[in-house]
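Summary of the model geometry
Spelled out from the first residue to the last, the chains are:
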Amino acid sequence: MPTYLNKGKSISINSGIKIPADSEYETLVWLDEDKYPGLRRISDFPCFNPIVMSGFFDAPKAVIEIPKGLDRFALHLYVESGSPVIYFSTMENKPPLRLYAGAKWNIRVYERVINVLFVDFESHMGRLWVIIERI
Amino acid sequence: MPTYRNDSGERLVIAGQTVEPGQKIETNVYYYIEGLTKITDEPYYNPVVSSGKLTLSEGAEDTIEIPESLSERFSVDVYVSSGEIELRINSTDSTPMILSAGSRHSEKCMSRIIDKLYIKAISDAEIRYNILKF
């Protein structure tokens, strides 16, 4: 979401939004400054970023909490080593998902039906990479 | 599918459903709304219908059954952690797939075209499988 300053006359951009002269405009879209004379990017921030969390979790156990307020998201799982057993929301919720070294797994969640993931590796060795992406 | 109670003292609309003060609502979704009190997390969402780890000695056989509750839209994922197996779909007379250590076989089924998987260990083998609805 870069921020632009309109130093020229009032202009309308593609989406029909009018940017008055001498005003700032924040948008998700990167605008072509050559196409809009007078429009100057004054900040690249705040930037669009679909990644909510990324990192790895090591054996023997891990708890991965889905950040509050996140309703639509994709969970990308990659098992670098070991055999993680993954439970949805509670370890009493069986059967679990059983992954293995080299496994890549994607779960798309369109409503917040998962609150937390509990990971229990089958042995004391193992590493699970997790990316949570906003969709 | 957590269960919530409306303790806000006012009428709330949750996912298009009106919830009067004091009324309970079961939903698939976790909500964070002021005045909405979570009573229980149960029953939980779980896309995994069956999963397991099989350890087979050379020559041993085992069967993975697709749960009867699945009539459509499910996936079967079999991974051989170690050893070598023959995997037959639906019948012991089917032509087998030979899967060795590190091999994975996945099937996405829009209808119940798979009922059982028959596994025979060619050598000592360890297998993990997941059956998921989607």
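Residues numbered from 1 in each chain as written. Chains lettered and ligands numbered in written order. Predicted model: local features only at pLDDT ≥ 70, side-chain atom pairs only at ≥ 80, totals over all residues.

With that settled, the discussion passes to the overall build of chain B. When helices and strands are counted, chain B shows zero helices and 13 strands. Reading chain B from its N terminus to its C terminus gives the helix and strand order β-β-β-β-β-β-β-β-β-β-β-β-β. The C-alpha radius of gyration of chain B comes to 22 Å, more than 25% above the 14 Å expected for a compact globule of 134 residues. With the C-alpha coordinates aligned to their principal axes, the bounding extent of chain B is approximately 65 × 25 × 20 Å. Within chain B, the fraction of its 134 residues that count as buried is 18%. Considering only contacts in chain B between residues 6 or more positions apart, those separated by 24 or more positions represent 70%. (Helix = DSSP H or I, 4+ residues; strand = E, 2+ residues; numbered from the N terminus. Rg over C-alpha atoms; globule rule 2.2 N^0.38 Å. Buried ≥ 20, exposed ≤ 12 C-beta atoms within 10 Å, placed from the backbone. Contact = placed C-beta atoms within 7 Å.)

To continue, consider the domain arrangement of chain A. We note that the domain assignment places domain 1 (3-43) and domain 2 (51-134) within chain A. A separation of 42 Å is found between the C-alpha centroids of domain 1 of chain A and domain 2 of chain A. (Domains from an automatic or database assignment.)

Time to look at the pairing of strand β13 (residues 125-133) of chain B. With eight bridges connecting them, strand β6 (residues 48-56) of chain B and β13 of chain B associate as antiparallel partners. In the strand pairing of β13 of chain B, Ser51 of chain B is matched with Asn130 of chain B. (Pairing = 2+ DSSP bridges.)

Here the focus is the environment of Thr40 of chain B. With respect to the element layout, Thr40 of chain B can be found in strand β5 (residues 36-40). Beyond its immediate stretch of four places on either side in the chain, Thr40 of chain B contacts Pro2 and Thr3 of chain B.

Residues and elements named next belong to chain B. An order of β7-β12-β9-β10 is seen for the four strands of this open sheet, with the pairing classed as antiparallel. Since the sheet does not close on itself, it has two edges, and those belong to β7 (61-65) and β10 (97-100), each with one partner. With strand direction ignored, the average angle separating the axes of adjacent strands in the sheet is 25 degrees. Pairing of β7 with strand β12 (residues 116-121), which is carried by five bridges, proceeds in the antiparallel orientation. (Axes fitted to C-alpha atoms, helices over the stretch in contact; angles between N-to-C directions.)

The next subject is the sheet that holds β13 of chain B. All names here are of chain B. What the four strands build is an open sheet, ordered β6-β13-β8-β11; its pairing is antiparallel. In this open sheet, the two edge strands, each paired with only one partner strand, are β6 and β11 (104-111). Averaged over all neighbouring strand pairs, the angle between strand axes comes to 10 degrees, with direction disregarded.

Moving on to the domain arrangement of chain B. When its domains are assigned, chain B resolves into domain 1 (3-40) and domain 2 (48-133). With centres defined by C-alpha atoms, the gap from domain 1 of chain B to domain 2 of chain B works out at 42 Å.

Across chain B, the average pLDDT comes to 93, with 99% of residues at or above 70. Interface confidence for the predicted complex, given as ipTM, is 0.76, next to a pTM of 0.79. (pLDDT = per-residue confidence, 0-100.)

For the rest of this paragraph, the subject is the interface of chain B and chain A. In this assembly, 16 residues from chain B lie in contact with 17 residues from chain A. Those elements giving two or more residues to the side of chain B that touches chain A turn out to be β6, β8 (72-82) and β13 of chain B. Of the residues forming the side of chain B that touches chain A, the biggest block, four residues, is contributed by β6 of chain B. Taken together, the residues that form the side of chain B that touches chain A break down as seven nonpolar, six polar and three charged. (Nonpolar A, V, L, I, M, F, W, Y, C, P; charged D, E, K, R; others polar.)

All names here are of chain A. A cis geometry characterises the amide bond from Ala59 onward to Pro60, with omega recorded as 10 degrees. Among the structural elements, Pro60 can be located in the loop between β6 (51-58) and β7 (61-65). The omega angle of the peptide bond from Lys94 to Pro95 is 5 degrees, so this bond is cis rather than trans. By secondary structure assignment, the location of Pro95 is in the loop between β9 (84-88) and β10 (97-98).

A few words on the environment of Ser75 of chain B. Residues and elements named next belong to chain B. Here Ser75 shows up in strand β8. Once the C-alpha coordinates of Ser75 and Phe134 are considered, the two residues, 59 residues apart in sequence, prove to be 7.5 Å apart. The contacts of Ser75, once residues within four sequence positions are left out, are Ser106, Glu107, Lys108, Cys109, Leu132 and Phe134.

A word on the environment of Arg108 of chain A. With respect to the helices and strands, the residue Arg108 of chain A is situated in strand β11 (residues 104-109). Ignoring sequence-local partners within four residues, the contact set of Arg108 of chain A consists of Ala74 and Ile135 of chain A.

It is worth spelling out the nonpolar core at this point. Nonpolar side chains in soluble globular proteins generally cluster together in the buried interior. Core analysis: the biggest nonpolar cluster contains 33 residues, and Ile86, Leu99 and Leu117 of chain A together with Val80, Ile85 and Ile127 of chain B have the highest contact counts within it. Every element with two or more residues in this core is listed here: β8 (73-81), β9, β12 (116-121) and β13 (127-134) of chain A together with β8, β12 and β13 of chain B. The element that contributes the greatest number of residues to this core is β8 of chain B, accounting for five residues. The residues touching Ile85 of chain B, leaving out its near neighbours within four places in the chain, are Val80, Leu99, Ile119, Lys120, Ala121, Ile122, Ala125 and Ile127 of chain B. (Core = buried A, V, L, I, M, F, W, Y, C linked by C-beta atoms within 7 Å.)

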